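What follows is the residue order along each chain.
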Amino acid sequence: MTVTNADRMECSVHLSADGRAVEILDQTQLPNRTVTLRLTTAREVYDAIRTLAVRGAPAIGICAGYAMYVLALQRRDLPGPAFRAAMEADGAFLISSRPTAVNLSWAVQRMLRVLSDHADASVAACVELLRRESLAIHTEDIEMCRRIAEYGLTLVQPGDGILTHCNAGPLATSKYGTATGPIFLGRERGMAFRVFADETRPLLQGARLTAYELERAGVDVTLICDNMASVVMKQGWVQACFVGCDRIAANGDFANKIGTSGVAILAKHYGIPFYTLGPSSTIDMACPTGAEIRIEQRDPDEIRTMWYREPMAPPGVKCYNPAFDVTDHTLLTAIVTDRGIVYPPFDVNLKNLFEQSE
Ligand code: MRU
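Residues numbered from 1 in each chain as written. Predicted model: local features only at pLDDT ≥ 70, side-chain atom pairs only at ≥ 80, totals over all residues. Heavy atoms only, no water.

Colleague: What is the right way to look at the site of the ligand in this model?
Modeller: Around the ligand, the surrounding shell holds 18 residues, and the nearest of these are Arg55, Arg98, Asp246, Asn256 and Lys257. Residue Gln205 places a side-chain N or O atom 2.9 Å away from an oxygen atom belonging to the ligand. Between Asn256 and the ligand, the recorded distance is 2.8 Å, taken from a side-chain N or O atom to an oxygen atom. About the coverage of the ligand: the protein hides 100% of its 410 Å² of free accessible area. Those elements that provide at least two residues to the shell around the ligand are α3 (57-74) and β9 (254-257). Residue classes in the shell around the ligand are distributed as seven nonpolar, seven polar and four charged. When we break the shell around the ligand down by domain, the ones giving at least three residues each are domain 1 (5-146) and domain 2 (157-357). (Near = heavy atom within 4 Å. Polar contact = N/O pair within 3.5 Å; in protein donor to acceptor, adjacent residues only side chain to side chain. Areas by Shrake-Rupley, 256 points an atom, 1.4 Å probe, with all protein chains shown as cover. Helix = DSSP H or I, 4+ residues; strand = E, 2+ residues; numbered from the N terminus. Nonpolar A, V, L, I, M, F, W, Y, C, P; charged D, E, K, R; others polar. Domains from an automatic or database assignment.)

Colleague: In this structure, what is going on with the packing of aromatic side chains? I would like to understand it.
Modeller: Pairs of aromatic rings are described using the distance from one ring centre to the other and the angle between the two planes. By the definition in use, this model includes four aromatic pairs. Both rings, one in Tyr46 and one in Phe93, keep their centres 4.5 Å apart while their planes meet at 10°; by these two values the pair is stacked. Pair noted here: Tyr46 is in helix α2 (residues 42-50) and Phe93 is in helix α4 (residues 80-95), with a separation of 47 residues, a long-range link. With a relative accessible area of 16%, Tyr46 lands in the buried category. Between Phe242 and Tyr275, the aromatic rings sit 5.7 Å apart at their centres with planes inclined by 65°, giving edge-to-face as the arrangement. A residue pair is termed long-range when its members are at least 10 positions apart, and Phe242 in strand β7 (residues 240-243) and Tyr275 in strand β10 (residues 274-277) qualify at 33 residues. (Phe/Tyr/Trp six-rings, centres within 6.5 Å; stacked < 30°, edge-to-face > 60°. Buried < 20%, exposed > 50% of the residue type's maximum accessible area, 1.4 Å probe, protein only.)

Colleague: How should the nonpolar core be read in this particular structure?
Modeller: Generally speaking, nonpolar side chains in soluble globular proteins are found buried as a group. With 38 residues, the main nonpolar core has Val13, Val22, Ile24, Phe83 and Leu130 as its most contacted residues. For this core, the elements supplying multiple residues, two or more each, are β1 (13-15), β2 (22-25), α2, α3, α4, α5 (102-117) and α6 (123-153). The dominant element in this core, judged by the number of residues it contributes, is α3, at 12 residues. Excluding its chain neighbours within four sequence positions, the residues that come into contact with Phe83 are Ala72, Arg75, Leu78, Leu115, Val123, Cys126, Val127 and Leu130. Within the second largest apolar cluster, 26 residues are counted, among which are Phe196, Cys245, Phe254 and Ile335. (Core = buried A, V, L, I, M, F, W, Y, C linked by side-chain atoms within 4.5 Å. Contact = heavy atoms within 4.5 Å.)

Colleague: How should I be thinking about the pattern of salt bridges in this particular structure?
Modeller: Any two side chains of opposite charge can pair, on the condition that their charged atoms come close. Applying the stated criterion to the full structure yields 18 salt bridges. Taking the shortest distance from any N to any O, the salt bridge between Asp47 and Arg43 comes out at 3.2 Å. One end of the pair is Asp47 and the other is Arg43, both in helix α2 and four residues apart, which spans about a single turn. With a shortest N-O distance of 3.0 Å, Glu128 and Arg132 are connected by a salt bridge. Of the two residues, Glu128 and Arg132 are both situated in helix α6; the distance of four residues between them amounts to about one turn of the helix. (Salt bridge = Lys/Arg side-chain N within 4 Å of Asp/Glu carboxyl O.)

Colleague: Just checking my understanding: could you explain the side chain of Lys257 for this structure?
Modeller: Relative to the assigned elements, Lys257 resides in strand β9. For the buried residue Lys257, which engages in no salt bridge, the nearest side chain bearing the opposite charge is Glu296, 6.1 Å off. (Lys, Arg positive; Asp, Glu negative; His and termini not counted.)

Colleague: Is there a simple way to think about α2 in this case?
Modeller: Because an α-helix packs 3.6 residues into every turn, residues spaced three or four apart end up facing the same way. Those residues of α2 not exposed but buried are Ala42, Val45, Tyr46, Ala48 and Ile49. Seen end-on, α2 carries its buried residues on one side only, within an arc spanning 165°. For α2, the elements touching its buried residues are β2, β3 (36-39), α3, α4 and α5. Positive phi shows up at Leu52, right after α2, with a value of about 75°. (Arc of directions from axis to C-beta.)

Colleague: Looking at this structure, I do not really get the sheet that holds β3. What am I missing?
Modeller: Hydrogen bonds along the backbone pair up the strands of a sheet, which may run parallel or antiparallel. Pairing within the open sheet is antiparallel, and its three strands lie in the order β1-β2-β3. Each edge of the open sheet is held by one strand with a lone partner, namely β1 and β3. On average, adjacent strands in this sheet sit at an angle of 25° to one another, irrespective of strand direction. The pairing of β1 with β2 spans three bridges and is classified as antiparallel. Looking at β2, one finds that His14 is bridged to Glu23. (Pairing = 2+ DSSP bridges. Axes fitted to C-alpha atoms, helices over the stretch in contact; angles between N-to-C directions.)

Colleague: What is the right way to read the side chain of Asn103 from this model?
Modeller: For Asn103, the position within the fold is in helix α5. Residue Asn103 is classed as buried on the basis of its relative accessible area of 1%. Setting aside its immediate chain neighbours within four residues, Asn103 contacts Ala57, Pro58, Gly61, Asp246, Pro279, Ser281 and Thr282.

Colleague: Before we go on, may I ask you to explain the pairing of β10 in this structure?
Modeller: A regular strand places its side chains on the two faces of the sheet in alternate fashion. Burial of β10 is two-sided: the residues Phe274 and Thr276 facing one way and the residues Tyr275 and Leu277 facing the other way are all buried. Bridge count between β7 and β10: three bridges; the pairing is parallel. Looking at the pairing, Phe242 lines up with Tyr275 of β10. Note that β10 and strand β13 (residues 334-337) share three bridges and pair parallel. From the neighbouring strand, Leu277 faces β13, where its bridge partner is Val336.

Colleague: What's the story with the state of the cysteines in this structure? I'm lost.
Modeller: What is meant by a disulfide is a covalent connection between two cysteines, made through their sulfur atoms. One pass over the structure, following the stated rule, counts zero disulfides. Here Cys166 stays unpaired: no disulfide links it, and the sulfur of Cys245, its closest cysteine neighbor, is 11 Å away. The class for Cys166 is buried, based on a relative accessible area of 6%. Cys166 provides the cysteine sulfur closest to Cys241, a residue in no disulfide bond, and the two sulfurs are 15 Å apart. (Disulfide = S-S within 2.5 Å.)

Here you go:
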């Protein structure tokens, strides 16, 4: 598959045409407004990630990769040691913006590794190497999404009902998306699916983003509230659940948007196959189980006041607002990656996946 610059520019995150900024489609404004933000400082990138202007595990990683290059370019006149120290500090700052999705630290560390692997290189040479690495991270994500889509498509039949949670589509990744990849690729090949998109409280990624992406592409999509998934499953309308992932542990437990584990429990009850789809950059073999995944806690006002004309709860009410949950690997039918479909036992087969491809 050949990835062109035009392919990269189409994505929700890309390097600006002048190469001096990270440009993102502000996902907080969708579906009502299409707003592009130009990010040039570490603080702007941190805030964009923190506020979910850019969101979705792979997209955050791509954004962080480009940000490291843009910041390096701004520091090209520094002496070598000061340049390297500044890049380390920027990397640590960006990583601190959100804790759960592994792609963020993965991308920053990959960029910093370029510097440690070229300890004697000049600053100018390092800047060029970082430019290439940031583009490679993006190109690889486009290619990985395509391969995930191909593998995922083998798991469903035309006409199937597919339930998805949150947004793991093109906005959150590159091109096809991960969980939505088989749906978009199938549509290109004339296969029609009926998709049920959970709205995904509290930030409504399913309603605002997944329903928007699928409807624009002409896919049959039905928006449901999160608490309607069980009814839809009970009617026999769902043949498979496809969800994304933010970090997959070595035993197959995985973190994804809050509510995912509930969908998995329901799917098990109704005997529906439940898959997570994600690139190999989301698999964290250094994380033994889901218990070690740090879960982000977010502002209670996302539950109390956001999205409504008036606050929907007493102003001071105590809220619990974890952004993610961990789905136990025992609920998972398979993990669909760019390197193939991984079935249980996940601890053994995830290890094999990496050993075989190295
Ligand atoms: O908080 P978000 O919107 O960044 O959470 C994103 C999700 O949980 C997605 O489902 C996940 O990142 C997969 S994106 C391909």
